[in-house]
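Here are the chains, one letter per residue:
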Amino acid sequence: MPLLGRDAELKALTELVDGPVGRGGVLLRGEAGIGKSALVAEAVAAASIAGLRVLRTTGSEVERDLPYAGLHQLLYPVRAGVDALPGPQRDALRTALGLADGDEPGAYLVGLAALTVLTEAAADRPLLVVAEDVHWLDRATLDVLAFVARRIESEPVVLLATLRDGERSPLPDAGLTPMAVGRLSDEAAAAFLDAVAPGLAPAARERVLAQAAGNPLALAELPAVADGLDPVLPLTDRLERAFTARVAALPAATRTALLVAAVNQSDLVSEMLEATGLLLDTAAGSDAEMREASGLGAEAAAESEISGPGLLEGAAVGADVLAPAVEPRLIEVAGTTLTFRHPLIRSAVAAAVTFAERRRAHLALAETLVADPDRRAWHRAAATSGTDEDVATELERTADRARRRGGLAAAIAALEQAARLSGSKDRRAVRLLRAAELAVEAGRRDTAERLVRDAQALDLTSRQRATAGWVLSGFEDGVREDVSRVAELGELAASVADDGQLDTAARILWGAAMRCFWVEPGPDARRSLLAVADRLPVDGPAMVAVSAYVAPFERGDAVLAELRVLVSATGADPEVDRYLGSASLQVGAFDLAARFSSAAAPGLRAQGQLGVLARALTVEAWCRTRLGDLTAAAPVAAEAANLARETRQPFMHGLATAVQAEIAALRGDHGRAAALAGEAERVGLAAGARPVLATVRLANGISALGEGRFEDAFADLSRVHDPADPSYHLALRAYCLPELTEAAVRAGRTDAVRDIVRDLELPAASTPSPALHIGLRHARAVLAANDEAEALFTAALRADLTGWPAERARLHLAFGEWLRRQRRVVECRTHLRTARDTFDALGMTAWGERARQELRGAGESSPNRDPDAREKLTPHELGIARLAAEGLTNREIGQRLFLSHRTVGTHLHRIFPKLGVTSRSDLGEALRSLR
């Protein structure tokens, strides 16, 4: 087909494949037949001329339920690189591709393995990765492609993908440049038609031009049926009819071969010929014999008796049977594979025959696929119109295998199909609910809701009703649900526990406890959850976390005692460490929270659990920021925000972004702080995510303090303490007392803050929460009368502040300011110098400047502070620099941050001149002052 009227698209694609490293990729979007494949062909030709190696995968509607089928196709030419991967990546990728048995691979670990294979291949020769018809690729492959697309900005890899209009895909959000492929102009369409059908009669030519409406495929195919065009039909239907007419003119044997190819889940010619031989053998028995040979159960056999040729001893069929379809370019045969020239031809072939004919083709394929149980199960299912428990059980096994390979979408599809074929309502309900649980795990809300509705329409057992009642609560920790749902989940957990389902009850209870972090259910709901937790004969880290989330003050003493014992065993189980890190944050033990969360990260990275990793990193960043360790917090918060966005966790992304705003505020970058806080606030307000909004209020309050807007600072910070405000948070309100007290004193609002402090004295009596007691000691000293203040400041500074340098520096600053007001100038300087030096070391620029101002007021000047690495590097670069300074290789850094080692090298190449160093060995010295 000639490429006319596509000059702009061709130029852009040529520049893409012939440009510099780090070109990223392009996503071509357009309707069926618009010419996306033709543009890809031109790009591939240009890439070959430019010296690029081309790797391809093409989506197929019949393969979309086979996990990683598209990835297998893409990586097959470079499969030798799999063996050179680091152990965890190698095992994950081999398991995902079905090359080995193993534990269920994490989707992101598979993505990292694929990225590594591609970038290693590109080291020898730049790569063009082509993914056509991505709307028909299996979801597991799509997730890998999206993962890769986000990480090739510094690689000699170009990704070119095509997507049909109106179809959904994760690729548009993966950083690819969109390129819309529209219909041809009238002039270009006329020239195109004259090129492909030069002898067309004028009247027919006008009809084709009008009905093709600038669609190149229609312009090429409709001339053959110009006299029979139906203007009422949609264009796609007209095209399918055109293809159907051309197929109908083929010999019977060729039509049979095309039907088998159309319904097959493979493009191998050998499979197609074997199954075609079975269909064409008219002397070997009955259709019932074929059903028996293919394994279809008697129940399904009775459902639809079809007379026809037997299929046990297939006739020998050669590749010459395909020649009549090759000549008119309906298909292309290259070596061992067969490809339909356009997906509409495949669908036209399958749609043009009866169900009975399609059924027999599926049965023939099932008989040839004894060694491939998954594809065999799908063909048997397609041949079954009623119920068949044998086929349903086979599909259930297919789902289990897909699950073990990390193919959640494929497992869901297999279970849903198994439910349709189930021989009893009970088995149907079990399979629907299991599919719904996997849909929640995969983040597919619409699918999960539909599956639960279908299950609830059946006569469920009490256990099944319980599952249906809580499974959807897994989305976004239930933030968008009505707050009354917390109490309902508590009652459900109690009921399930009474039935002896302790594991299920514990899972439901954990879900309810998580809601106590994101929303405020009220004291009655919290008490009811605690009562259920106390009744459950279950213990362990998860139950410690439940107590911390539900009753951070009432159970604070017991929780902290458990945490201080368990902290010595970090690193054994990353999931346990994550739970304990979250529990530590709730009870105000930020030093413990940082230790648990950072200990969880390596294991979660190794397992490829990026969604859970984003949560652990967010907790770590929140706590390190409160501790004042901004050097460590900044890269952690940046990574947490990126991972939360990538793993579709909007509220966790909002919380990590709010932490970034707080870091910017502490550094005195008030413009950036305001922008980040605004972004986070929009996320939090969308569903009333309280910890997001509370952290936004904290960031805004710190910025206002730094700019001398004390009334604004008090207004922001006091909102966290107002139960009627969406920013109110039962636990987090207790952990920003030093900032609130300072804002109140400077804004003349001491009476209001005294009331808040008084309210927090009651919970402080029942918990040894470090953050709460540090804040209360600070507030008491700042608010005290002059004859009491010095003793209170001294007592606060004598308290154990090991691991809390920012809080110690704040106390020194406040004490120095008080001493200066008392005209004790010499004494105040000591405290103010300590505060200044500590804030400078921590990178808390805004607070360091306040200490300098106070010193100037006390008659002492301070040396100018030069920008350090924290201001010269982005958070991402700072994280890479710190890992390199610790001695990690580029490959090890890449594995930790889910980047290719070449991308790490590119970042270090940018980092060195910013820090004024020339080698990795110099990084330690450059960063040492930040520790």
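No experiment lies behind these values; they were computed from the predicted model shown. (Residues numbered from 1 in each chain as written. Predicted model: local features only at pLDDT ≥ 70, side-chain atom pairs only at ≥ 80, totals over all residues. Heavy atoms only, no water.)

Enquirer: Is there a simple way to think about the overall build of the chain in this case?
Expert: The number of helices and strands found in the chain is 48 helices and seven strands. For a compact globule of 931 residues, the expected C-alpha radius of gyration is about 30 Å, and the chain comes in at 33 Å, within 12% of that figure. Taking the principal axes of its C-alpha atoms as reference, the chain extends roughly 110 × 65 × 50 Å. Here the analysis covers contacts within the chain between residues at least 6 apart in sequence; of these, 69% occur between residues at least 24 apart. Total accessible area computed for the chain in this model is approximately 36,400 Å², and 50% of it derives from carbon and sulfur atoms. (Helix = DSSP H or I, 4+ residues; strand = E, 2+ residues; numbered from the N terminus. Rg over C-alpha atoms; globule rule 2.2 N^0.38 Å. Contact = heavy atoms within 4.5 Å. Areas by Shrake-Rupley, 256 points an atom, 1.4 Å probe, with all protein chains shown as cover.)

Enquirer: I tried to follow the pattern of salt bridges on my own but got confused; where do I start?
Expert: Two side chains of opposite charge can pair, provided their charged atoms sit close to one another. Across all of its chains, the model carries 59 salt bridges by this definition. Two residues, E389 and R431, come together in a salt bridge whose shortest N-O distance is 2.7 Å. Note that E389 is positioned in helix α19 (residues 389–404) and R431 in helix α21 (residues 425–442), a separation of 42 residues in sequence. A salt bridge links E711 to R749, with the nearest nitrogen and oxygen atoms 2.9 Å apart. Separated by 38 residues along the polypeptide, E711 in helix α36 (residues 710–719) and R749 in the loop between α37 (737–747) and α38 (750–764) bring together distant segments of the chain. Exposure remark for R749: the relative accessible area of 33% places this residue in the partly exposed category. (Salt bridge = Lys/Arg side-chain N within 4 Å of Asp/Glu carboxyl O. Buried < 20%, exposed > 50% of the residue type's maximum accessible area, 1.4 Å probe, protein only.)

Enquirer: How should the packing of α38 against helix α39 (residues 770–783) be read in this particular structure?
Expert: Working note: a packed helix pair is described by the angle between its axes plus the distance between those axes. At a closest axis distance of 11 Å, the pairing of α38 and α39 adopts a crossing angle of 145 degrees. Seen from above, α38 lies across α39 with left-handed handedness. Residues T750, V753, R754, V757, L760, E761, P763 and A764 of α38 touch α39, and the partners they reach there are L772, H773, L776, A779, R780 and L783. By residue class, the composition of the contact of α38 with α39 is nine nonpolar, two polar and three charged. (Axes fitted to C-alpha atoms, helices over the stretch in contact; angles between N-to-C directions. Left-handed = near helix turned anticlockwise from the far one by under 90°. Nonpolar A, V, L, I, M, F, W, Y, C, P; charged D, E, K, R; others polar.)

Enquirer: For this particular structure, what's the right way to read helix α43 (residues 845–857)?
Expert: Every α-helical turn comprises 3.6 residues, leaving residues that sit three or four positions apart pointing alike. Given a rise of 1.5 Å per residue, 13 residues ought to cover 18 Å, and the 18 Å separating the end C-alpha atoms of α43 matches this to within 8%. Every buried residue of α43 is accounted for by T845, A846, W847, G848, R850, A851, R852, E854 and L855. Note on α43: the residue one or two positions beyond its end, G859, has a positive phi of about 85 degrees. (Expected span 1.5 Å × (residues − 1).)

Enquirer: What's the story with the packing of α19 against helix α20 (residues 408–421) in this structure? I'm lost.
Expert: Running from N to C, α19 and α20 cross one another at 165 degrees; their axes reach a closest spacing of 8 Å. Relative to α20, the element α19 lies roughly antiparallel. Where α19 crosses over α20, the handedness of that crossing is left-handed. Here α19 contributes E389, V391, A392, L395, E396, T398, A399, A402 and R403 to the contact with α20, which in turn contributes L408, A410, A411, A414, L415, Q417, A418 and L421. Taken together, the residues that form the contact of α19 with α20 break down as twelve nonpolar, two polar and three charged. (Parallel < 35°, antiparallel > 145°, perpendicular 65-115°, else oblique.)

Enquirer: Quick question: what am I supposed to make of the sheet that holds strand β3 (residues 127–132) here?
Expert: Either a parallel or an antiparallel arrangement is found when strands of a sheet pair, and the pairing is made through backbone hydrogen bonds. With parallel pairing, the five strands of this open sheet are ordered in space as β2-β3-β4-β1-β5. Of all strands in the sheet, those with a lone pairing partner are β2 (53–58) and β5 (177–180), marking the two edges. Strand after strand, the sheet turns through a mean of 20 degrees between neighbouring axes, direction not considered. As paired elements, strand β1 (residues 24–30) and strand β4 (residues 157–164) share seven bridges and run parallel to each other. Bridge pairing in β4 links L27 to A161. Its contacts with the sheet place helix α5 (residues 107–124) against β2, β3 and β4, and it is angled at close to 135 degrees to β3. (Pairing = 2+ DSSP bridges.)

Enquirer: Quick question: what am I supposed to make of the packing of aromatic side chains here?
Expert: Aromatic ring pairs are reported here in terms of the distance separating the ring centres and the angle at which the planes meet. Counting across every chain of the model gives 14 aromatic pairs. Each ring, one from F147 and one from F898, has its centre 6.3 Å from the other, and the planes form 80 degrees; the classification is edge-to-face. Residue F147 is located in helix α6 (residues 139–149), and its partner F898 is located in the loop between α46 (890–897) and α47 (901–915); the two are separated by 751 residues in the primary sequence. According to the relative accessible area criterion, F898 is buried, its value standing at 1%. (Phe/Tyr/Trp six-rings, centres within 6.5 Å; stacked < 30°, edge-to-face > 60°.)

Enquirer: Before we go on, may I ask you to explain the nonpolar core in this structure?
Expert: Nonpolar side chains tend toward joint burial in soluble globular proteins. Of all hydrophobic cores here, the largest spans 197 residues; its most connected members are L71, L75, L93, L509, W518, L563 and Y735. Residue contacts for L509: discarding those within four places in its chain leaves A493, L529, V532, A533, L536, M543 and V546. Of all hydrophobic cores here, the second largest spans 50 residues; its members include A189, L219, A261 and I331. (Core = buried A, V, L, I, M, F, W, Y, C linked by side-chain atoms within 4.5 Å.)

Enquirer: What is the right way to look at the environment of A704 in this model?
Expert: With respect to the helices and strands, the residue A704 is situated in helix α35 (residues 690–706). Expressed as a C-alpha distance, the spacing of A704 and H670, which sit 34 residues apart in the sequence, is 8.5 Å. When sequence neighbours within four positions are dropped, the list of residues in contact with A704 reads R709, D712 and A713.

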